[in-house]
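# Descriptive structure summary
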Amino acid sequence: MSEIILMSDPRVAAIELHENGEPLVDARVDGPALLVDARGSADHPAVAHLRTGVLERLLDAASRLPDGLRLVLVEGHRSPDRQRRAVEGHRERLRAEGGQRSEEELDAAVSHCAAPPAVAGHPAGAAADLTLFDVDGRELDMGTAVGATPEESDGACCTDALSITPRARENRRLMGDVLRAAGLVNYPAQWWHWSYGDRYWALQTGAPHAVYGPHER
């Protein structure tokens, strides 16, 4: 498995932001091409929202899938406050588990699961947690649940994990192919996390700057 550049890496924070002002739009009103996981949107309606350019690219990716498969949005926008609480909560859980970790090591461990709000894609409306369903609404075998931590999945949450089944590996590859073709990039610590326009996207693609920053709905 190749080296993963974590969200806590200083290279991510060093990317300049030139906010382009695109609005957040509701993915649930754009027709049946992209499904929205009802559980997440029921608890936090904002999770179905994304920047216009991100939603356009997800719809493009969805159109590239073979017949019988559906791209599913599990979570899009997350308020900066929710992101901050996610980071703090995971840090406290790791502290409670014990072990001698420096603050830098804690930052790295936390960013496998939740990025600092200033660089995270979700608060910018730039990131989408995604999976695949079949026509009967059943999730394909993706190797782990969306949101699985490295600790509970023994690292299988990483996109290129070798411990998953060949079927799960193929499903990840299939989803990744259509999303990359539409211009999104993956956070390799989480197979489900894809983004466009945020700092991580800019770092991975060599873009001169990010175009989406933290956004309050």
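For the structure itself, consult the block above.
Residues numbered from 1 in each chain as written. Predicted model: local features only at pLDDT ≥ 70, side-chain atom pairs only at ≥ 80, totals over all residues. Heavy atoms only, no water.

### Examining empty space enclosed by the protein
- Counted by the stated rule, this structure contains one cavity of 30 Å³ or more.
- What the largest cavity holds in volume is close to 40 Å³.
- For the largest cavity, the full set of lining residues is Ala118, Val119, Ala120, Ala124, Asp198, Arg199, Tyr212, Gly213 and Pro214.
- Among the residues making up the lining of the largest cavity, the classes are represented as six nonpolar, one polar and two charged. (1 Å grid on protein atoms, 1.4 Å probe; cavity = no way out; pocket = protein on both sides within 12 Å on 5 of 7 lines; lining within 4 Å. Points joined across faces, edges and corners; volume = space filled by probe spheres on them. Nonpolar A, V, L, I, M, F, W, Y, C, P; charged D, E, K, R; others polar.)

### Some points on the sheet that holds strand β2 (residues 34-36)
- Spatial strand order, β2-β4-β5-β7-β6: five strands in an open sheet with mixed pairing. Looking along the sheet, the strands with just one partner apiece sit at the ends: β2 and β6 (185-186).
- Bridge count between β6 and strand β7 (residues 193-195): two bridges; the pairing is antiparallel. Bridging across to β7, Val185 finds its partner in Ser195.
- Strands in contact with helix α7 (residues 166-181) are β4 (69-75), β5 (127-134) and β7; relative to β5, the strand with the most contacts, it is inclined by about 125°. (Pairing = 2+ DSSP bridges. Helix = DSSP H or I, 4+ residues; strand = E, 2+ residues; numbered from the N terminus. Contact = heavy atoms within 4.5 Å. Axes fitted to C-alpha atoms, helices over the stretch in contact; angles between N-to-C directions.)

### Brief notes about the nonpolar core
- Ranked by size, the top nonpolar core spans 40 residues in total, and within it Leu34, Leu58, Leu71, Leu130, Met175 and Leu179 carry the most contacts.
- Secondary structure elements with two or more residues in this core: α3 (52-63), β4, β5, α7 and α8 (199-205).
- With six residues, α3 is the largest single contributor of residues to this core.
- Excluding residues that lie within four positions of it along the chain, Met175 makes contacts with Leu71, Leu130, Thr131, Leu132, Met142, Trp191 and Trp194.
- Within the second largest apolar cluster, twelve residues are counted, among which are Leu6, Val12, Ala120 and Tyr187. (Core = buried A, V, L, I, M, F, W, Y, C linked by side-chain atoms within 4.5 Å. Buried < 20%, exposed > 50% of the residue type's maximum accessible area, 1.4 Å probe, protein only.)

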